[in-house]
Amino acid sequence: MPPKLRYLLIGLFLWAQSAAGSGTVVVLDPGHGGKDPGTIWGGVSEKTVTLSIALKVEKLLRARGIKTALTRRSDLYRSLTSRKAVANSFRRSIFVSIHCNADRSHRARGIETFYCGQQGYRLAKSIHSILDNNTTTTDRGLKRADFSVLRNTNGAAALVECGFLTCPSERRLLTTEIYQQRVASAIASGVIRSLNR
Ligand SMILES: [Zn+2]
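What counts and how
Residues numbered from 1 in each chain as written. Predicted model: local features only at pLDDT ≥ 70, side-chain atom pairs only at ≥ 80, totals over all residues. Heavy atoms only, no water. Salt bridge = Lys/Arg side-chain N within 4 Å of Asp/Glu carboxyl O. Helix = DSSP H or I, 4+ residues; strand = E, 2+ residues; numbered from the N terminus. Buried < 20%, exposed > 50% of the residue type's maximum accessible area, 1.4 Å probe, protein only. Expected span 1.5 Å × (residues − 1). Contact = heavy atoms within 4.5 Å. Pairing = 2+ DSSP bridges. Donors = N, O, S within 2.8 Å, 3.2 Å for Na, K, Ca; no water. Axes fitted to C-alpha atoms, helices over the stretch in contact; angles between N-to-C directions. Left-handed = near helix turned anticlockwise from the far one by under 90°. Nonpolar A, V, L, I, M, F, W, Y, C, P; charged D, E, K, R; others polar. Phe/Tyr/Trp six-rings, centres within 6.5 Å; stacked < 30°, edge-to-face > 60°. Lys NZ or Arg CZ within 6 Å of the ring centre and 35° of its normal.

Student: Help me understand the pattern of salt bridges in this model?
Tutor: Close approach of charged atoms allows side chains of opposite charge to pair. Under the defined criterion, the tally for this structure stands at eight salt bridges. The salt bridge involving K47 is made with D75; its shortest N-O contact spans 3.1 Å. Here K47, found in helix α2 (residues 46-63), pairs with D75, found in the loop between β4 (68-70) and α3 (80-88); they are 28 residues apart in sequence, far enough to count as distant. On the basis of relative accessibility, which here comes to 46%, the residue D75 falls in the partly exposed class. Residue E112 pairs with K143 through a salt bridge whose shortest N-O separation is 2.6 Å.

As structure tokens, then:
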């Protein structure tokens, strides 16, 4: 094989490896589903918003050659055990759970990202910092939580609360394609940054 062609092929191989996160599967977990709608305010169900954002994140990651899996891709109920089982069925995976928040006082707004453990912290930080840059809402910060889906996944895991459905202005935003795309793009960029580290 001519040396130039060999270098080109090696270059392409390295690029593909980096683009695909070295074989890591990104498992996206749209919160709730089916009989579990999550929070419902003003006619908007959390399960619908989380699925729509997750499908957008999947599209963005796949366009970059990154392998993905979803814990659900329609309005289906999934137990927490089956959600983490999807992540743990792959040799190497990272897990991103997508949710919307609620606050009975209706005053709370903003984004917050949860993690459990050191590798989860790096993933959550990467997603959260880009999400904070891409949105103008309140930064409620990175938080450690002992959620079962974060604790029981083998790889890095993060749970993103994309905004409050109890806050009328945030609820309106979260139902628009433009805002969902902005949130999805931030999550995808955070995942890519953490894969390339
Ligand atoms: Zn939720």
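Student: Where do I start with helix α4 (residues 118-134) in this structure?
Tutor: For an α-helix, 3.6 residues make a turn, and residues three or four places apart therefore share a direction. Here α4 is 17 residues long and its end C-alpha atoms lie 25 Å apart, about the 24 Å a rise of 1.5 Å per residue gives. Those residues of α4 that sit buried are G120, L123, A124, S126, I127, H128, I130 and L131. Along its buried surface, α4 packs onto β5 (93-101), β6 (111-115), β7 (139-144), β8 (157-164) and α7 (177-195).

Student: Can you walk me through the pairing of strand β1 (residues 25-30) in this structure?
Tutor: Regular strands show a simple pattern: their side chains alternate between the two faces of the sheet. Across the six residues that make up β1, a large majority, six, are buried. The alternating pattern of β1 places V25, V27 and D29 on one face and V26, L28 and P30 on the opposite face, and all of these are buried. Across six bridges, the pairing between β1 and β5 is parallel. What sits directly across from D29, in β5, is S97. With three bridges joining them, β1 and β4 adopt parallel strand pairing. Within the sheet, the bridge partner assigned to V26 lies in β4 and is T68.

Student: What's the story with the coordination of the zinc ion in this structure? I'm lost.
Tutor: Around a metal, the perfect tetrahedron of four donors has angles of 109.5 degrees, and the perfect octahedron of six donors has angles of 90 or 180 degrees. Within the protein, the zinc ion binds to H32 (NE2), E46 (OE) and H99 (ND1); these donor distances fall in the range 2.1 to 2.2 Å. Read from N- to C-terminus, the donor residues coordinating the zinc ion fall into the pattern H-x13-E-x52-H. Note that E46 is positioned in helix α2 and H99 in strand β5, a separation of 53 residues in sequence. Each member of the pair E46 and H99 is classed as buried.

Student: Can you help me understand the pairing of β5 in this one?
Tutor: Burial analysis of β5 places nine of its nine residues in the buried class, the great majority of the element. Of the two faces of β5, the one lined by S93, F95, S97, H99 and N101 and the one lined by I94, V96, I98 and C100 are each fully buried. Looking at chain direction, β5 and β8 are connected through six bridges and run parallel. Residue pairing across strands places F95 opposite A157, the latter belonging to β8.

Student: How should I be thinking about the sheet that holds β1 in this particular structure?
Tutor: Backbone-to-backbone hydrogen bonds join strands into a sheet, with any given pair of strands oriented parallel or antiparallel. One open sheet holds the six strands; their spatial order is β4-β1-β5-β8-β6-β7, and the pairing between them is mixed. On the outer flanks of this sheet lie β4 and β7, each paired with one strand and no other. Each strand axis lies, on average, 20 degrees off the axis of its neighbour in the sheet, ignoring direction. Set on the sheet, α3 makes contact with β1 and β5; between it and β1 the angle comes to about 165 degrees.

Student: Whenever I open this one, the packing of α4 against α7 confuses me. Can you help?
Tutor: Axis angle and axis distance: for two packed helices, these are the angle between their axes and the distance between the axes, and together they describe the pair. For the pair α4 and α7, the least separation of the axes is 8 Å and the interaxial angle reads 145 degrees. In this structure, the crossing between α4 and α7 has a hand that is right-handed. Counting all contacts with α4, which are made through L123, S126, I127, S129, I130, L131 and N134, the residues of α7 involved are R182, V183, S185, A186, I187, S189, G190, V191, R193 and S194. A class-by-class count of the residues in the contact of α4 with α7 yields eight nonpolar, seven polar and two charged.

Student: Explanation requested: the packing of aromatic side chains in the structure shown.
Tutor: Geometry of an aromatic ring pair is reported as the spacing of the ring centres plus the angle between the planes. One pass over the structure, following the stated rule, counts two aromatic pairs. Centroid distance F114 to F147: 5.1 Å. Interplanar angle 55 degrees. Geometry classified as tilted. Highlighted residues: F114 in strand β6 and F147 in the loop between β7 and α5 (148-151), separated in sequence by 33 residues. By relative accessible area, which is 10% here, F114 ends up buried. Given the relative accessible area of 32%, F147 is considered partly exposed. Judged by centre distance (5.1 Å) and plane angle (70 degrees), the rings of Y115 and Y121 are edge-to-face. The exposure class assigned to Y121 is partly exposed, which follows from its relative accessible area of 27%. For the cation-ring pair, K35 lies above Y77, with the distance from its terminal atom to the ring centre recorded as 4.4 Å.

It is worth stressing that arrangement in space is one thing and function is another; only the former is reported here.
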